[in-house]
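Results of the structural survey
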Amino acid sequence: MTTWYGVLEGFYGSPFSDADRVDLIRWLGARGGRDYAYAPKGDPLLRDRWREPFPDTGWFTGLSDTAREAGVR
C-alpha cells in the first residue's frame, strides 16, 4: 500500500491561478506534504483534449521544478 499525503487539485469550477498553485505547492512542502496532483475538471486539456500531448509551454516544467524544490512529487 502506498501512503499519499498531499493535495489533489481536482475540483469543478475555475482552476487555481498559476501563482496560487505555486504558493500551494510551496506551502505543502513546508508542512511536510509530499504529493500534489494536477487534475482540475475545468482544464480543457484534461477533460476534452486528454488524448493530445500536453503543450510544451514551459509552464508545467516550471511547476515541476517548484515542486521538486519544495520536496513535493
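Residues numbered from 1 in each chain as written. Predicted model: local features only at pLDDT ≥ 70, side-chain atom pairs only at ≥ 80, totals over all residues. Heavy atoms only, no water.

Below, the discussion takes up the pattern of salt bridges. Summed over the entire model, instances satisfying the criterion amount to six salt bridges. Where Asp-18 meets Arg-21, a salt bridge forms, and the shortest distance between an N and an O atom there is 3.3 Å. With Asp-18 and Arg-21 both in helix H1 (residues 18-30), this residue pair falls three residues apart, about one helical turn. The class for Asp-18 is partly exposed, based on a relative accessible area of 44%. Classification of Arg-21 by relative accessible area gives buried; the value is 2%. A salt bridge links Asp-35 to Arg-73, with the shortest nitrogen-to-oxygen separation between them at 2.5 Å. (Salt bridge = Lys/Arg side-chain N within 4 Å of Asp/Glu carboxyl O. Helix = DSSP H or I, 4+ residues; strand = E, 2+ residues; numbered from the N terminus. Buried < 20%, exposed > 50% of the residue type's maximum accessible area, 1.4 Å probe, protein only.)

Between the first and last C-alpha of helix H3 (residues 59-70) there are 17 Å, a value that for twelve residues agrees with the 16 Å anticipated at 1.5 Å per step. Those residues of H3 that sit buried are Leu-63, Thr-66 and Ala-67. All buried residues of H3 fall inside an arc of 100° around its axis, so they share one side. Opposite its buried face, H3 presents the exposed residues Arg-68 and Glu-69, each directed more than 90 degrees away. Buried residues along H3 sit against H1 and strand E2 (35-38). (Expected span 1.5 Å × (residues − 1). Arc of directions from axis to C-beta. Contact = heavy atoms within 4.5 Å.)

So, on to a nonpolar patch on the surface. On the surface, Leu-46, Phe-54 and Phe-60 cluster together into a nonpolar patch covering about 240 Å² of accessible area. As for its placement among the helices and strands, Leu-46 is situated in helix H2 (residues 44-47). (Patch = residues over 30% accessible without salt bridge, like charges linked within 9 Å, V, L, I, M, F, W, Y side chains within 5 Å. Areas by Shrake-Rupley, 256 points an atom, 1.4 Å probe, with all protein chains shown as cover.)

Let us now look at the environment of Thr-3. If you trace the backbone, Thr-3 turns up in the segment before strand E1 (6-9). Using a relative accessible area of 48% as the deciding quantity, one classes Thr-3 as partly exposed. The sequence separation of Thr-3 and Val-22 amounts to 19 residues, and the corresponding C-alpha distance is 23 Å. In this structure, Thr-3 is in contact with Arg-34, Asp-35 and Arg-73, ignoring residues within four places of it in sequence.

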